[in-house]
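In case you want the letters, here they are:
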Amino acid sequence: MALYKSYSKNEKGRQYFRTGWIMLLLTILAIVTLFPIYYMIMSSFGAPVESGASSYSLLVKNPTLESYQFFFDYSKYSFRWIVNSFLVAGVSTLANVIFATAAGYAFSKLRFKGNKLLFSLLLLAMMIPYQVTQVPLYILIVNVLRMDNTYAALIAPGLVTAYNVFLAKQFIGSLPTEIMEAAKMEGCSQPALLIRIVMPLSKTVMAVMAINTFMNNWNTFFWPLLVTKTENMQTIQVGLKNFSFANTTYFAPMMAGATVSALPMFILFFALQKYFLEGVTVGAVKG
Amino acid sequence: MKSKKGPALQKKKRKNTEENRWGYIFILVPLLVFAIFTLYPIMDAFIISFKEFKPLKTEWVGFENYKNTLKNSLFYKSLANTVVYTGITVPLSLALSFLISILIVPLTKRKQNFFKGAYYLPAIASGVALSFVWKWIYDPLPSGLLNRLVALFGVDNQNWLGSSKTAMFSLILMALLSSHGASIIIYIAALLGIDNTYYESADMDGATFFQKLRYIVMPLIKPTTVFLLVTSVIGSFQVFQNAFLMTGGGPDNATTMVGLLIFNKAFKYFEYGEASAQALILTAIIGIFTFIQFKLTGDNVEY
């Protein structure tokens, strides 16, 4: 990086000094950024007692899992919330990856009437604020289709998002068309071409879409709040909100619940950090 | 007809119709989802905005909902709140992200990845979980974490979320510290994309670090800054989850954002018509803001 002054060999000391203070500054800022997460996880190991002044410490003296027990004992559906979240996020992810990849391939490589028009119509969906569609969508799902409190209501509106189709189109559009032409010459049918040629070449964007979609669905709060009526259909985020509402003074159990709701994403993040970070830039940098 | 054309042409024709057919099959599901869950709701939003929903029947009321919205002082207050929130959060968050990115780029790849991960982590935690933690950090008792921290600097005990003086500040602080992850990653990608020859020729002219920053880095990553600015402003105008979970818009509507106002109108008071009118007015405002930003920052952004 030549933005910074480069030091010659006999100036090693000055270079270490510079790296040192950069690291120090970044570490301080990182600690401030990560503190809430540290505090959440650490406090979750506290005892499930009603909070008083004593519960605010930066370290728990006698770590225990009792607060997790307390959280799971609160409702007989606590585990079901997690299962529901996994189910909704899992199905949405699978559907998004498959349908968005197929559509991205069609929009970028196949010639059919209305291709450009339909794609720009789809882009329109990305520009409309969520608030506009929120009320009509709620009326449609709950009053017209009477789908409230079902998995279908939780999954259907996000079965495949315009954003994912856009991502897939950008990525697949940059693949060389010659490969697909050659496969067609060999007599390869379109579905076979999609599955055997396009999908293997699009693993990166498929991984990125999968992670983004799973994360968004896992963390989403308002839509499940609106369309679920009974505890057994709620997702972990909605269940967590209800738990906190009923147990406002139980600090450690609340943090245990929060940790439970965040943990699957943390595990996924540490396992697949590369794709998470790639997913951030892939939508921003012109494809 | 067909027999007159050569076999090659016929084959091409057959290929084309096949491409046509598969093209439609491949886009069928996204198109259906889009038509049912986006296009129809958008059109319905316009229709609903001219109606009033009553328990037994629904009436056409013309522009009544729009008139009521534009007469509603709370609508203006929530707009002002949203503008304040956005006007402070977005520029500060971008500046902080830029600073952090500049500090990260000279490091080795391993250290870069470590810090990228660390700064991005809050962005993947569920908003509900984070709002709980922050609620406790802002505990109004003297034993609350932030109160203990500011006490070290001799600042009096504050009722962070409960007082209309500090509630907005508290939401802004939380947003600043938990939402810069994505911008940092994008800035780093842009910074690493700057060609080394720019710096080399600047070095030959004897440019200082800050001159390089000012005359090379800032102009070259301007498209990235504009992209982040526009998308952050659009996002920030709609955001209300933290306000919903932490203050409920209070105290005295000091933290009621437009998004929250619309949500409450619709799902607390079930005034769908007025909620839709407000949402459409919000869309127009966002559209105008976006247009102005593009005009002010020049149109050198490509997507």
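Calculation rules
The residue numbering used here restarts from 1 in each chain and proceeds along that chain's sequence as written. Lettering for chains starts from A, numbering for ligands starts from 1, and both go in the order in which the items are written. A pLDDT threshold of at least 70 governs which residues receive local features in this predicted model, and a stricter bar of 80 or more applies before side-chain atom pairs are shown or counted, although totals over entire chains, interfaces and linings include all residues. Calculation of side-chain values draws on the structure's entire complement of heavy atoms; hydrogens and water are dropped beforehand. Every helix listed is a DSSP run of H or I at least four residues long, and every strand listed is a run of E at least two residues long, numbered separately from the N terminus. When we talk radius of gyration, it's over C-alpha atoms, and the globule rule is simply 2.2 Å times the number of residues to the 0.38. When a residue's accessible area, from a 1.4 Å probe over protein chains only, is under 20% of the maximum for its type it is buried; when over 50% it is exposed; and in between it is partly exposed. The accessible surface values rely on the Shrake-Rupley method and a 1.4 Å probe; as for residues, cover is taken only from the protein chains in view. The definition of a polar contact used here is a pair of N or O atoms within 3.5 Å, where within protein one atom must be able to donate a hydrogen and the other to accept one, and adjacent residues in sequence count solely through side-chain atom pairs. Two residues form a contact once any of their heavy atoms are found within 4.5 Å. In short, buried area is how much 1.4 Å probe accessible area vanishes from two parts on joining, totalled over both. The salt bridge definition used is simple: a Lys or Arg side-chain nitrogen within 4 Å of an Asp or Glu carboxyl oxygen. Ten residues, namely Ala, Val, Leu, Ile, Met, Phe, Trp, Tyr, Cys and Pro, are considered nonpolar, four, namely Asp, Glu, Lys and Arg, are considered charged, and the remaining ones, Gly among them, are considered polar. Only Phe, Tyr and Trp rings take part, Trp by its six-membered ring, and two of them pair if their centres are within 6.5 Å. Stacked means planes under 30 degrees apart, edge-to-face means over 60, and tilted covers everything else.

Trainee: Quick question: what am I supposed to make of the overall build of chain A here?
Mentor: In terms of helices and strands, chain A carries 14 helices and 0 strands. A compact globule built from 287 residues would reach a C-alpha radius of gyration of about 19 Å, whereas chain A, at 24 Å, exceeds it by more than 25%. Over its C-alpha atoms, taken along the principal directions, chain A stretches across nearly 75 × 75 × 35 Å. Looking at the 287 residues of chain A, the share that counts as buried comes to 51%. For chain A, the accessible surface area stands at approximately 13300 Å², while carbon and sulfur atoms represent 66% of it.

Trainee: I'm lost on the side chain of Gln237(A) in this one. Help?
Mentor: With respect to the secondary-structure elements, Gln237(A) resides in helix α12 (residues 236–246). Within polar-contact distance, the side chain of Gln237(A) engages the backbone oxygen of Trp218(A) at 3.0 Å.

Trainee: How should the interface of chain B and chain A be read in this particular structure?
Mentor: Bring the parts together and some accessible area is lost; that lost area is often taken as the interface size. Taken together, the contacts link 91 residues of chain B with 95 residues of chain A. A buried area of about 8600 Å², summed over both sides, lies between chain B and chain A, and 79% of it is on carbon and sulfur atoms. On inspection of chain B and its partner chain A, the count reaches 2 salt bridges. One salt bridge in this structure joins Glu19(B) and Lys184(A), with 3.0 Å as the shortest N-O distance. The interface formed by chain B and chain A contains 14 residue pairs in polar contact (both at pLDDT 80 or more). Sort the elements by how many residues they give to the side of chain B that touches chain A and helix α1 (residues 7–48) of chain B lands first, with 23 residues. Partitioned by chemical class, the residues of the side of chain B that touches chain A number 66 nonpolar, 14 polar and 11 charged.

Trainee: Mind showing me how you'd approach the packing of aromatic side chains here?
Mentor: Aromatic ring pairs are defined here through the distance separating the ring centres and the angle between the ring planes. Residue and element names in this part refer to chain B. Per the counting criterion, the structure on display carries 50 aromatic pairs over all chains. Between Phe 53 and Tyr 272 the ring centres are 5.2 Å apart and the planes differ by 75°, which places this aromatic pair in the edge-to-face class. Here the residue Phe 53 occupies a position in strand β1 (residues 51–53), and Tyr 272 occupies one in helix α14 (residues 272–296), the gap between them amounting to 219 residues. When its relative accessible area of 8% is taken as the criterion, Tyr 272 is described as buried. Here the aromatic rings of Phe 209 and Phe 210 are separated by 5.2 Å at their centres, their planes lie at 80°, and the arrangement is edge-to-face. Look at Phe 209 and you get partly exposed, because its relative accessible area is 23%. For Phe 210, a relative accessible area of 64% translates into the label exposed.

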